[in-house]
Amino acid sequence: MGGTFDPPHLGHLIAAQSAWEQMELDEVWFLPTYHPPHKNHQVVATANQRLQMVKCCTVDHPAFRVCDVELKTRETSYTIKTMEQLQAQYPAYEFYFIIGADMIMYLPQWFEIEKLINMVTFVGVKRSSTVIDWDALPPEIAKKVTMVSMPSIDISSTAIRERLKRGQSIQYYVHAGVNEYVKGNHIYES
Ligand code: NAP
């Protein structure tokens, strides 16, 4: 499950848990991006802070792992490059890529998507409010997307950063370990 995780919140964790349960995956690897290809706004927390926050919120789950390959590469994180690297490193593994269902419609614009769909099955995590126009998606992409469901959790990293800027609490929006880390390191305060 790739993400900027700036910061990771309960929506990310429940999405991962939903995919893990419904797809019967062995493990879910959280893959913080160094620089996401589709976001031109500045990432606020440093790569190391985002990595530490992802570690804080996954450490107590039996199947959640953290994968720091994109942070080590330190360049724009194209998923195809990451998957080529992971498949070379773990040839016996079968990989899925978990994404929020809102992102499915943008898959045709992903870098080298025609190669990527032969390497992974996408797991689209559908909130109850999500509507997907399957007819607008190329059929070769649509058939490589499996849907799972989760309750709508209306939390976003942007909203959390704004709460912190206003001096509001993010308790219950994020894992307690992330809350402690954010407070201790004064991230997102200005
Ligand atoms: P993000 O904002 O950090 O979120 C990570 C994932 O969690 C997203 O799929 C997001 O879906 C989902 N999510 C966030 N809040 C949620 C909530 N409340 N409930 C359920 N799901 C929630 O991730 P991102 O920065 O968009 O990046 C996603 C991944 O796609 C990254 O690995 C990135 O590198 C990859 N990507 C690759 C390319 C490419 O290769 N060219 C292009 C674009 C993205 P939503 O977006 O639906 O909120």
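Residues numbered from 1 in each chain as written. Predicted model: local features only at pLDDT ≥ 70, side-chain atom pairs only at ≥ 80, totals over all residues. Heavy atoms only, no water.

Enquirer: Sorry, what's going on with the site of the ligand here?
Expert: Taken together, 26 residues lie near the ligand, and T4, H38, G100, I153 and I155 sit nearest. Within the side chain of T4, one N or O atom sits 2.5 Å away from an oxygen atom of the ligand. Within the side chain of H9, a nitrogen or oxygen atom sits 3.5 Å from a nitrogen atom of the ligand. In isolation the ligand offers 890 Å² of accessible surface; the protein chains occlude 92% of this area. The cavity that encloses the ligand is the largest pocket. Looking at the shell around the ligand, the elements with two or more residues in it are β1 (2-3), α1 (10-23) and β4 (96-100). With 3 residues, β4 is the largest single contributor of residues to the shell around the ligand. When grouped by side-chain class, the residues that make up the shell around the ligand number 12 nonpolar, 11 polar and 3 charged. (Near = heavy atom within 4 Å. Polar contact = N/O pair within 3.5 Å; in protein donor to acceptor, adjacent residues only side chain to side chain. Areas by Shrake-Rupley, 256 points an atom, 1.4 Å probe, with all protein chains shown as cover. 1 Å grid on protein atoms, 1.4 Å probe; cavity = no way out; pocket = protein on both sides within 12 Å on 5 of 7 lines; lining within 4 Å. Sits in = over half its atoms within 2 Å of the grid points. Helix = DSSP H or I, 4+ residues; strand = E, 2+ residues; numbered from the N terminus. Nonpolar A, V, L, I, M, F, W, Y, C, P; charged D, E, K, R; others polar.)

Enquirer: What am I meant to see in helix α2 (residues 47-58) here?
Expert: For the α-helix, the turn length of 3.6 residues means that residues three or four positions removed from each other point alike. The first and last C-alpha atoms of α2 sit 17 Å apart over 12 residues, in line with the 16 Å expected at 1.5 Å per residue. For α2, the set of buried residues is A47, Q49, R50, L51, M53, V54, C57 and T58. Each element contacted by the buried residues of α2 is listed here: α1, β2 (28-32), β3 (64-66), α3 (69-73) and α8 (176-185). (Expected span 1.5 Å × (residues − 1). Buried < 20%, exposed > 50% of the residue type's maximum accessible area, 1.4 Å probe, protein only. Contact = heavy atoms within 4.5 Å.)

Enquirer: Mind showing me how you'd approach the packing of α2 against α8 here?
Expert: For any two helices packed against each other, one specifies the crossing angle of their axes together with the interaxial distance. One can describe the packing of α2 onto α8 by two numbers: an axis separation of 8 Å at closest approach and a directional angle of 150°. Between α2 and α8, the angle falls in the class roughly antiparallel. Along its contact with α2, which presents Q49, Q52, M53, C56 and C57, the element α8 presents G177, V178, Y181, V182 and N185. (Axes fitted to C-alpha atoms, helices over the stretch in contact; angles between N-to-C directions. Parallel < 35°, antiparallel > 145°, perpendicular 65-115°, else oblique.)

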